[in-house]
Amino acid sequence: MSRIYINDDWKFTSEYSDDFLTSDNSALFTVRLPHTCRELPFHYFSEEEYQMVCGYQKRLFAPKQWQGKIILLTIEGAAHYAEVFINGKKCGEHYSGYTAFTIDISGYLKYEAENILTIKVDSRESLNIPPFGHVIDYMTYGGIYRDVYMDIKEPVYIQDVFVKPEISGKMASEVSLCGECNGAKLRQVVEKAGQVVCEMCIPATDNQVAIVGYVENVELWDVENPALYRVRTELICGDTVMDIYETRIGFRSARFEKDGFYLNGKKVKIRGLNRHQSYPYVGYAMPQSMQEFDANVLKYELGLNAVRTSHYPQSQYFIERCDEIGLLVFTEFPGWQHIGDAQWKNQAVQNVEEMILQYRNHPSIILWGVRINESADDEEFYTRTNALAHKLDPTRQTGGVRCIKNSQLLEDVYTYNEFVHDGVAPGCEAKEK
């Protein structure tokens, strides 16, 4: 029931080989996460410079008291294909540089001993995963560019909590549990500015539990007053709190209608910009402070009330700051114009699932982008992405940015890049034909 960040003291190589798993790498360069696989000049560099297979390695001591517990390793962002090894044995992999992934490493660790954690990262654009496969109009960079941490859990723990607040004050939560604990119960406490405003306690009769509560005199979240509530969900077996899951929420309604966007029933004119998560020299590898700074610039220096995270999910720190300052977010899954083969599409659908599961508690997010930016129509593919989005989050509408006229409308909101060039966006002519 504790979280340990392991961002410090990684050994790094830009030329990975299988020998990296077992050789003495103590003489290699030591880096700290977030990290870019290649520092780049400010001007005039080739994207080939950061396309490589690199390796990260860290020594971890697993104390005896961890034995019998669940050790979950989470990598928030590794661009773009990652393989994870403990003591030379592969324990997991992940195909996307823009969503987090978690691996149970309990069975791979040696306890009361030092372990070697190795992460192989492939940032080549030849990968058959989104957004790759054709020309991309943004740099994709490489490396482990977000945080890495371990959660130490009891054998029974809370895997996920999805809270669906309504402007009436009603709050319905879906709680997912792992493991078995007969006679367990769930207690959920809602706080506002440190004061308890609602508390519920129910039996945990299954691995999927629904909790419903009501907050009286609820303060709504909006762009001018982004009121946030903290929800603490506790799993209790007997008299012991086995696990705690915390999240922040906002009570608000967000809806696009034929005549515009409505927040809490009030029409709001959206003023926003696209945002890429890249920076000079270090690509994607920026820490929490800079992610928050970008949100502040958009809100307070540029006077905006919305941002589109084009064209992929971005840092949780950035979205959390949008929650705090009232910046509306339109986020979308990775891609740019190109739709690949069946394997590629299956991975894209998986990316939609990961995006929604990881970001759906953020009140700032008002729209899921479930269409590859500026891509051609693909009824079967986009029927799948829309259906999945509505299943995982029935509280939000879907959209998908296109650049062709008379495109199929499978989403809830018709979103369109209105670049004027004979009626279509530059680079999209072949798509329309």
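Residues numbered from 1 in each chain as written. Predicted model: local features only at pLDDT ≥ 70, side-chain atom pairs only at ≥ 80, totals over all residues. Heavy atoms only, no water.

Another point: the overall build of the protein. Secondary structure assignment for the protein yields five helices and 28 strands. Against the compact-globule benchmark of 22 Å for 433 residues, the protein has a radius of gyration of 22 Å, which places it among compact chains. For the C-alpha atoms alone, the extent of the protein along its principal axes is close to 65 × 55 × 40 Å. Buried positions account for 56% of the 433 residues belonging to the protein. Of all intrachain contacts in the protein linking residues separated by at least 6 positions in sequence, the fraction that spans at least 24 positions is 69%. Summed over its atoms, the accessible surface of the protein is roughly 19400 Å², and 48% of this surface lies on carbon and sulfur atoms. (Helix = DSSP H or I, 4+ residues; strand = E, 2+ residues; numbered from the N terminus. Rg over C-alpha atoms; globule rule 2.2 N^0.38 Å. Buried < 20%, exposed > 50% of the residue type's maximum accessible area, 1.4 Å probe, protein only. Contact = heavy atoms within 4.5 Å. Areas by Shrake-Rupley, 256 points an atom, 1.4 Å probe, with all protein chains shown as cover.)

Counted under the stated rule, the structure contains zero disulfides. Cys37 forms no disulfide, and the closest cysteine sulfur to it belongs to Cys54, at a distance of 5.1 Å. The structure places no disulfide on Cys91, whose sulfur is separated from the nearest cysteine sulfur, that of Cys54, by 17 Å. (Disulfide = S-S within 2.5 Å.)

Further remarks concern the pattern of salt bridges. The tally for this structure, following the rule as stated, stands at 26 salt bridges. In this structure, Lys90 engages Glu93 in a salt bridge whose closest nitrogen and oxygen atoms are separated by 2.9 Å. For Glu380, the salt bridge identified is with Arg384, shortest N-O distance 3.8 Å. Here the residue Glu380 and the residue Arg384 both occupy positions in helix α4 (residues 379–392), the gap between them amounting to four residues, near one helical turn. The class of Arg384 is partly exposed, set by a relative accessible area of 29%. Counted as one network, the salt bridges with shared partners bring together Glu83, Lys90, Glu93 and Lys120. (Salt bridge = Lys/Arg side-chain N within 4 Å of Asp/Glu carboxyl O.)

This brings us to helix α1 (residues 288–301). In a regular helix each residue adds 1.5 Å, so 14 residues correspond to 20 Å; α1 covers 19 Å between its end C-alpha atoms and thus fits that length. Within the span of α1, buried status applies to Gln291, Asp294, Ala295, Val297, Leu298 and Lys299. Two residues or fewer after α1 comes Gly303, characterised by a positive phi angle close to 70 degrees. (Expected span 1.5 Å × (residues − 1).)

What follows covers helix α2 (residues 316–325). Those residues of α2 that fall on the buried side of the exposure criterion are Gln316, Phe318, Ile319, Cys322, Asp323 and Ile325. At its buried positions, α2 is contacted by β19 (240–249), α1, β24 (306–309), β25 (328–332), α3 (342–359) and β26 (365–369). Between the side-chain oxygen of the N-cap and the backbone nitrogen of Tyr317 there are 3.0 Å, and the N-cap of α2 in question is Ser315. Note on α2: the residue one or two positions beyond its end, Gly326, has a positive phi of about 80 degrees. (Polar contact = N/O pair within 3.5 Å; in protein donor to acceptor, adjacent residues only side chain to side chain.)

Moving on, we get to the sheet that holds strand β15 (residues 185–192). In space, the four strands of this open sheet follow the order β16-β15-β18-β19, with antiparallel pairing throughout. Only two strands of the sheet have a single neighbouring strand rather than two, namely β16 (195–203) and β19. Strand-to-strand, the axes of this sheet are offset by a mean angle of 15 degrees, without reference to chain direction. Looking at chain direction, strand β18 (residues 229–237) and β19 are connected through nine bridges and run antiparallel. Each residue of the ladder has a partner; that of Tyr229, found in β19, is Ile249. (Pairing = 2+ DSSP bridges. Axes fitted to C-alpha atoms, helices over the stretch in contact; angles between N-to-C directions.)

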